[in-house]
Amino acid sequence: MGKLKYALFTGCTAKQSTPEQMMSTMAVADKLGIELVELTEASCCGASHLQDYDDFLSLVLNARNIAYAEKHGLTMVTICNTCQLNTAMTKHRLDNNADLKARVNEKLEEVGLVYAGTSKITHFLYAIIDDFGLDKIKEMVVTPLSQFNIAPFYGCHNIRPSELQNETHDTPENPYNPTSLDDLIIACGGNTVDYDEKNKCCGFHAELQAPKVAAALTGNAIAGAMDGNADWMVTPCPLCHLKLDTQTHHASVAIGREVSLPVLHMQQMIGLALGCPPETLGMKHHVTKVDFV
Amino acid sequence: MSTNAITTQKVNFKVFRFNADKDYLPYYEDYSMDVTSEEVVLDILNRIKWDHDGSFSYRRSCRHGICGTCAIKVNGRSTLACKESMTEMIKVFGNELTIEPLSKKRAVKDMIIDKADFWEKHEQVTPFLDAEIDETPTSENLVTPAEANALDEADLCIQCGACHYACPVVELSDDFMGPAAFAAAYRFEADVRDGNESRLTDVNQMGSGVWDCVKCFECAEACPKEINPIEKIGKLHNMLFQSGQADSNVATRHAVGFEKSIKRVGVLDEGGLVLYSELAGIVKHMPVAIKMFSKGKIVPPWGITKSDNLDEIQKLVKSSSTAKF
Ligand code: SF4
Ligand code: SF4
Ligand code: SF4
Ligand code: FES
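Residues numbered from 1 in each chain as written. Chains lettered and ligands numbered in written order. Predicted model: local features only at pLDDT ≥ 70, side-chain atom pairs only at ≥ 80, totals over all residues. Heavy atoms only, no water.

Caption draft 1: Inspection of the overall build of chain B at higher detail. Helix and strand counts for chain B come out as 13 helices and seven strands. Taken along the three principal axes of its C-alpha coordinates, chain B extends 70 × 70 × 45 Å. Residues counted as buried form 50% of the 325 residues belonging to chain B. Intrachain contacts of chain B at a sequence separation of at least 6 include 65% that bridge at least 24 residues. As displayed, chain B has an accessible area near 16200 Å², and 52% of this comes from carbon and sulfur atoms. (Helix = DSSP H or I, 4+ residues; strand = E, 2+ residues; numbered from the N terminus. Buried < 20%, exposed > 50% of the residue type's maximum accessible area, 1.4 Å probe, protein only. Contact = heavy atoms within 4.5 Å. Areas by Shrake-Rupley, 256 points an atom, 1.4 Å probe, with all protein chains shown as cover.)

Caption draft 2: The sheet that holds strand S5 (residues 96–100) of chain B, seen in detail. Residues and elements named next belong to chain B. Read from one edge to the other, the open sheet built from five strands follows the order S2-S1-S5-S3-S4, with strand pairing classed as mixed. Of all strands in the sheet, those bounded by a partner on one side alone are strand S2 (27–36) and strand S4 (77–80). Going across the sheet, the axis of each strand differs from the next one's by a mean of 35°, ignoring polarity. Pairing of strand S1 (residues 8–17) with S2, which is carried by 10 bridges, proceeds in the antiparallel orientation. (Pairing = 2+ DSSP bridges. Axes fitted to C-alpha atoms, helices over the stretch in contact; angles between N-to-C directions.)

Caption draft 3: Representation of the domain arrangement of chain B. Each assigned domain of chain B is listed here: domain 1 (8–113), domain 2 (116–130 + 145–242) and domain 3 (250–320). Relative placement of domain 1 of chain B and domain 3 of chain B: their C-alpha centres are 48 Å apart. (Domains from an automatic or database assignment.)

Caption draft 4: Looking closely at the environment of Gln147 of chain A. All names here are of chain A. Within the element layout of this structure, Gln147 appears in the loop between helix H7 (134–140) and strand S5 (149–152). Given the relative accessible area of 55%, Gln147 is considered exposed. Here the alpha-carbon distance between Gln147 and Gly189, two residues 42 residues apart in the chain, equals 8.8 Å.

Caption draft 5: Quick peek at the packing of aromatic side chains. In total, this model carries 10 aromatic pairs over all chains according to the counting rule given. Residues Phe148 of chain A and Phe292 of chain A carry aromatic rings whose centres are separated by 5.0 Å and whose planes lie at 55° to one another, so their mutual orientation is tilted. You can see Phe148 of chain A sitting in the loop between H7 and S5 and its partner Phe292 of chain A sitting in the segment after helix H14 (266–273), a full 144 residues away along the chain. Using a relative accessible area of 11% as the deciding quantity, one classes Phe148 of chain A as buried. Plain terms: the ring middles of Phe16 of chain B and Tyr28 of chain B are 5.8 Å apart, the flat faces sit at 80° to each other, and that makes the pair edge-to-face. One end of the pair, Phe16 of chain B, is in strand S1; the other, Tyr28 of chain B, is in strand S2, and 12 residues separate them in sequence. Overall, Tyr28 of chain B belongs to the partly exposed group, its relative accessible area being 33%. (Phe/Tyr/Trp six-rings, centres within 6.5 Å; stacked < 30°, edge-to-face > 60°.)

Caption draft 6: Quick peek at the site of ligand 3. Neighbouring residues of ligand 3: Cys157, Ile158, Gln159, Cys160, Gly161, Ala162, Cys163, Ala180, Cys223, Pro224, Lys225 and Pro229 of chain B. Across the shell around ligand 3, the residue classes break down as nine nonpolar, two polar and one charged. (Near = heavy atom within 4 Å. Nonpolar A, V, L, I, M, F, W, Y, C, P; charged D, E, K, R; others polar.)

Caption draft 7: Highlighting helix H3 (residues 116–124) of chain B. Residue and element names in this part refer to chain B. For H3, the set of buried residues is Asp117, Phe118, Lys121 and His122. Down the axis of H3, the sector holding all buried residues measures 135°, keeping them to one side. Buried positions along H3 lie against helix H6 (179–189). Positioned one or two residues after H3, Thr126 has a phi angle of 50°, which is positive. (Arc of directions from axis to C-beta.)

Caption draft 8: Main features of the domain arrangement of chain A. Residues and elements named next belong to chain A. Structurally, chain A comprises domain 1 (5–123) and domain 2 (135–285). Taken together, the contacts link 29 residues of domain 1 with 35 residues of domain 2. Sorting the residues of domain 1 by area buried against domain 2 places Glu20, Lys31 and Asn81 first, and these three jointly supply 23% of that buried surface. The interface formed by domain 1 and domain 2 contains zero salt bridges. Remark: the boundary between domain 1 and domain 2 carries 10 residue pairs in polar contact (both at pLDDT 80 or more). (Buried area = accessible area lost by both parts, 1.4 Å probe. Salt bridge = Lys/Arg side-chain N within 4 Å of Asp/Glu carboxyl O. Polar contact = N/O pair within 3.5 Å; in protein donor to acceptor, adjacent residues only side chain to side chain.)

Caption draft 9: Fine view of the interface of chain A and chain B. Taken residue by residue, the interface counts 68 residues in chain A and 63 residues in chain B. Between chain A and chain B, roughly 5600 Å² of surface is buried when both sides are summed, and carbon and sulfur atoms account for 61% of that area. Broken down residue by residue, the surface that chain A buries against chain B is led by Tyr53, Tyr176 and Leu208 of chain A, which jointly contribute 17%. Applying the counting criterion to the chain A and chain B interface returns four salt bridges. One salt bridge in this structure joins Glu312 of chain B and Arg64 of chain A, with 2.9 Å as the shortest N-O distance. One can count 31 residue pairs in polar contact (both at pLDDT 80 or more) joining chain A with chain B. Broken down by element, the side of chain A that touches chain B gets its largest block of residues, seven residues, from helix H3 (residues 55–72) of chain A. Grouping the constituent residues of the side of chain A that touches chain B by class yields 31 nonpolar, 23 polar and 14 charged.

Caption draft 10: Representation of the environment of Met292 of chain B within the structure. With respect to the secondary-structure elements, Met292 of chain B resides in helix H12 (residues 286–294). In this view, Met292 of chain B contacts Ser17, Leu242, Thr246 and Val287 of chain A together with Lys297 and Ile298 of chain B; residues no more than four positions away in its chain are not counted.

Caption draft 11: Layout of the sheet that holds strand S4 (residues 121–123) of chain A. All names here are of chain A. What the four strands build is an open sheet, ordered S2-S1-S3-S4; its pairing is parallel. The two strands at the open ends of the sheet, each matched to only one other strand, are strand S2 (35–38) and S4. Each strand of the sheet is rotated relative to its neighbour by a mean of 40°, with strand direction disregarded. H3 contacts strand S1 (5–9), S2, strand S3 (76–78) and S4 of the sheet and is inclined by roughly 130° relative to S3. Sitting on the sheet, helix H6 (residues 124–132) is in contact with S1, S3 and S4, with an inclination near 95° to S4.

Caption draft 12: Broad picture of a nonpolar patch on the surface. A surface patch of nonpolar side chains, about 300 Å² in accessible area, is lined by Val283, Met286 and Ile290 of chain B. Structurally, Met286 of chain B is set in helix H12. (Patch = residues over 30% accessible without salt bridge, like charges linked within 9 Å, V, L, I, M, F, W, Y side chains within 5 Å.)

Caption draft 13: Local environment of the pattern of salt bridges. Residue and element names in this part refer to chain A. According to the stated counting rule, one finds 31 salt bridges over all chains in the structure shown. We note a salt bridge from Lys243 to Glu207, for which the minimum N-O separation is 3.7 Å. On the criterion of sequence distance, the pair formed by Lys243 in helix H12 (residues 238–246) and Glu207 in the loop between strand S6 (191–192) and helix H11 (211–227) is long-range, its members being 36 residues apart. Glu207 matches Lys243 in its accessibility class, with the two residues each being buried.

Caption draft 14: Structural view of the packing of H3 of chain A against helix H5 (residues 98–109) of chain A. All names here are of chain A. Here H3 crosses H5 at 70°, and the two axes come no closer than 10 Å. When the axis of H3 is compared with that of H5, the two are roughly perpendicular. As H3 packs across H5, the resulting crossing turns out to be right-handed. Contacts between H3 and H5 involve Phe56, Leu59, Val60, Ala63 and Arg64 from the first element and Leu100, Arg103, Val104, Lys107 and Leu108 from the second. Among the residues making up the contact of H3 with H5, the classes are represented as seven nonpolar, no polar and three charged. (Parallel < 35°, antiparallel > 145°, perpendicular 65-115°, else oblique. Left-handed = near helix turned anticlockwise from the far one by under 90°.)

Put into structure tokens, the structure is as follows:
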């Protein structure tokens, strides 16, 4: 296998409220020998909200981001579930509607760009599984996480809508019984926790307008993991991470029970297992203390 | 598949049982059965009733995915019993299957639930064509294929409730109309023949309105007719903005705030977005914000790294915008 190389769409969260995710992504990519070319020209993907206001604008902006990955001739890798959904959804819609694609390209032409549809778009989790291989991760583990019970939290926008998601990666994922993150935990030597909320929503996208509902969803998720005897949770989505890590107070009030668990980004978990020094993984940026490293 | 030989395997079922007339609490009954590869979930319900316990109750009528009465949950997944193949269920969940009604808290007898909340919400969106009809028309009232396509298959809904009872917001909040009611509202709003003037406003203002959806796509996954209710919710959002009916509230400002931020810096200014969305409501976020700040999680406006080639983004926002607020 030659050296893996991707165009990295960081999204906005990794650059602002989850700096630890950005750090650990780079640390792990380095460890795995994966080259990431950061798309510094990219705009925000609209996070599934801009499209509620202006669907066409959202398509144009996302197509522009993809066009930059295409210019590099690389697969685009995302590190946020919602970025993945918005970008892959844009690709799906443009690739299946010649008229819409032409209308979007008419706009992109004004700035000298074109969307061709040549780049794949995949979340880092699936890039690791499909292209790098979990067997190789297993071989590289120096600190197996065998003393930990780890609760996977998948995040909606990596698993639903499944028809779209399964277009973007080779390893099939069933939204009612997803396995990718469990497999990654096992590859890192950890014990997976099975609990009902692992494929449910954290509530992030309605946090401002429906705070009680959003907090209850977060609370249920953490409670499920705690009842499953988890030592900590792990997620591939920085938005889920924000919710689970920073909103424990509201979550506890909403479900009438004190809930809190350390939550790691998938990259931090891999980093720990591969022996990356903890300070390169940004553990001090968590609101809920990561007390076991 | 038709060329494949029929295979049989043993499956253990845990089946939800409850009779509101005499049981204080629901309980689960175990049944072990040989299931053939050509059976659907409804066949299993029938066999429980015919072979094991004649009192076992469930709804079904058409057996063809049309009447919408047979929806239940298998291992938590909303499913239309007469359409869902057992082979698929075993493939996804293995040989231990739990059979439950769509909503346990609404159970009346076994699989039968009281669906009143579903129908009440459905009724509130004026789910019918509201039009002045000329009783003696002189020509046909033609609808073009493009106009018909605008419904985007929302008219295929069989009101089975699979999406409604898969929706986490419906589960937690009695106010939320739910995906099926919104899909029905869209179905008539998108119909060129419809002249109703208040439906869209109703949808915006009734209960907690159309903005509380958490965008989990559970409804899209659950729908046996592939109606994709959340996509219709997105279209209702667009319609509200396009018709100028989107009033300024935290949800609408949240959606519009993305455009403002992208225009300014290309990326999202997270703090700026919350401030613009919440206005004075920002104070309630302060305790969490202070904690986040102390952990290096909040970047001040002047610290945000702008997108490279920002001029391109600004030009595109100008030339491609289709909405106003
Ligand atoms: S789980 Fe929550 S934050 Fe994560 S993608 Fe889904 S809705 Fe967004
Ligand atoms: S996407 Fe929205 S409407 Fe659909 S199930 Fe989730 S919260 Fe409910
Ligand atoms: S939208 Fe689909 S799942 Fe929901 S009630 Fe209609 S047919 Fe059933
Ligand atoms: S029995 Fe009519 S839809 Fe299943």
